[in-house]
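A look at the structure
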Amino acid sequence: MGRGLSSNMLNRLHTAFDQELCVVPESRSDARRLTMALRAGHVISPAPQLYVLAADWSELKPNERHRSIVRSLAKLHPNWVFSYASAAIMHELYVSFSLLNQVHVLVSRHTNTASCGIFRRHKTSRMEFVTVNGVRVTPIERTAFDCLRGCDFRSGLAIADSALRVLKWTNEQLIESCGAYSRRSVGWKRAIDITAFADRRSESGGESVARAVMIEQGYLIPDLQVPVENLVDGDVYRADFCWRLGKGQRVLGELDGREKYRNPAMTQGRDVVDVLADERLRESRASMYGDKILRFSYADVMNVRRFRSLLDVYGIPSGYAIPAVADPTDPINMAAIRRW
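This write-up is about the structure you can find in this document. (Residues numbered from 1 in each chain as written. Predicted model: local features only at pLDDT ≥ 70, side-chain atom pairs only at ≥ 80, totals over all residues. Heavy atoms only, no water.)

The backbone of Glu-92 sits at a positive phi, close to 65 degrees, despite the residue not being glycine. Among the secondary structure elements, Glu-92 is positioned in the loop between helix 5 (84-90) and strand 4 (103-108). What makes Glu-92 exposed here is its relative accessible area of 58%. (Helix = DSSP H or I, 4+ residues; strand = E, 2+ residues; numbered from the N terminus. Buried < 20%, exposed > 50% of the residue type's maximum accessible area, 1.4 Å probe, protein only.)

General note: in soluble globular proteins, nonpolar side chains tend to be found buried as a group. Counting residues in each nonpolar core, the largest one holds 32 residues, and the members touching the most others are Val-95, Phe-153 and Ile-159. Among the secondary structure elements, those contributing two or more residues to this core are helix 5, helix 6 (140-150), helix 7 (153-167), helix 8 (171-179), helix 9 (188-195) and helix 10 (205-216). No other element matches the 7 residues that helix 7 contributes to this core. When sequence neighbours within four positions are dropped, the list of residues in contact with Ile-159 reads Leu-93, Tyr-94, Leu-99, Ala-144, Cys-147, Leu-148 and Cys-151. Membership of the second largest hydrophobic core comes to 20 residues, among which are Trp-57, Phe-82, Met-90 and Val-137. (Core = buried A, V, L, I, M, F, W, Y, C linked by side-chain atoms within 4.5 Å. Contact = heavy atoms within 4.5 Å.)

In this structure the tally under the stated criterion is 17 salt bridges. A salt bridge links Arg-154 to Glu-216; the nearest nitrogen and oxygen atoms lie 2.9 Å apart. Taken together, the positions of Arg-154 in helix 7 and Glu-216 in helix 10 put the pair 62 residues apart, joining distant regions of the chain. Here Asp-256 makes a salt bridge to Arg-295, at a shortest N to O gap of 2.4 Å. Highlighted residues: Asp-256 in strand 10 (residues 249-256) and Arg-295 in strand 11 (residues 292-297), separated in sequence by 39 residues. Taken together, the shared-partner salt bridges connect Arg-126, Glu-128, Arg-142, Asp-146 and Arg-149 into one network. (Salt bridge = Lys/Arg side-chain N within 4 Å of Asp/Glu carboxyl O.)

All right, on to the sheet that holds strand 9 (residues 236-246) then. Taking strand neighbours across the sheet as the criterion, the 4 strands line up as 8-9-10-11 in an open arrangement whose pairing is mixed. In the strand order of this sheet, the two ends are held by strand 8 (223-229) and strand 11, each with one partner. Sheet twist, expressed as the average angle between the axes of neighbouring strands with direction ignored, equals 45 degrees. Here strand 8 pairs with strand 9 via 6 bridges, running antiparallel. (Pairing = 2+ DSSP bridges. Axes fitted to C-alpha atoms, helices over the stretch in contact; angles between N-to-C directions.)

See the structure below:
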């Protein structure tokens, strides 16, 4: 790894990676050596003039990669204003990986600069921005509005949920914020309709997407983060989802995501085995109430037929009206998606 790169350049690459940045060549000699390393597969160039060691890049998730690209481009082009999904990443909103294939930048309405390569340029007459960790981005409320106008329902609900969480707003406040923009904006009504289903109690993008699929398929929308008391030990834990079926019967839903077992903030420094053991213990305590425990993975959610089967087996009520904004077969809905 790094054959042909000087120890100084390797140190720069490692240091940049630790700082969530890519390296920008400082001289023609740097550019030549990095180009050679790129051809040999030792480094990656995720955007023009940006380089990172291939081994380091492989360790990052798509959202981490995108944030690294944006932060690096901001150093290279300090006057750029990032928008849409690129701004959402900087605001720490839940952004579906499918939305991270392009870097979104605002440009003046009078500029002749067009979109090309990985860059998607959006013309605007309102060049408003805030600075987040040294990067100029559209304000979070505008970022949410812009994203919701062209997202599919699943991606949009994840962004709306997290926007409410970060802003500590109610649905009505976010709807009012979206409504303040011009009704002539493409997808204006779509942004408001998605926001109506948002819930800031959702703790991850995966949970938001799971709830979106339930809505798309006409299932009863569950309550979120419902407290379940441990009668033995006296403590309380929260279920990701809860369906109340009548006569006091409940189904508690738990989304099994890798984040729960890998993120130090969620494991609190405990070993994965201990985390799993605690989960099983909580489930045994919850069963004292007679609650059913429905565990499912993100892969289950993405396999809609399987997910429907799981929900049906556990008796989750279905047959509810599917709102147009959540119906992927609705022609108006389809026309609004992917207009970025």
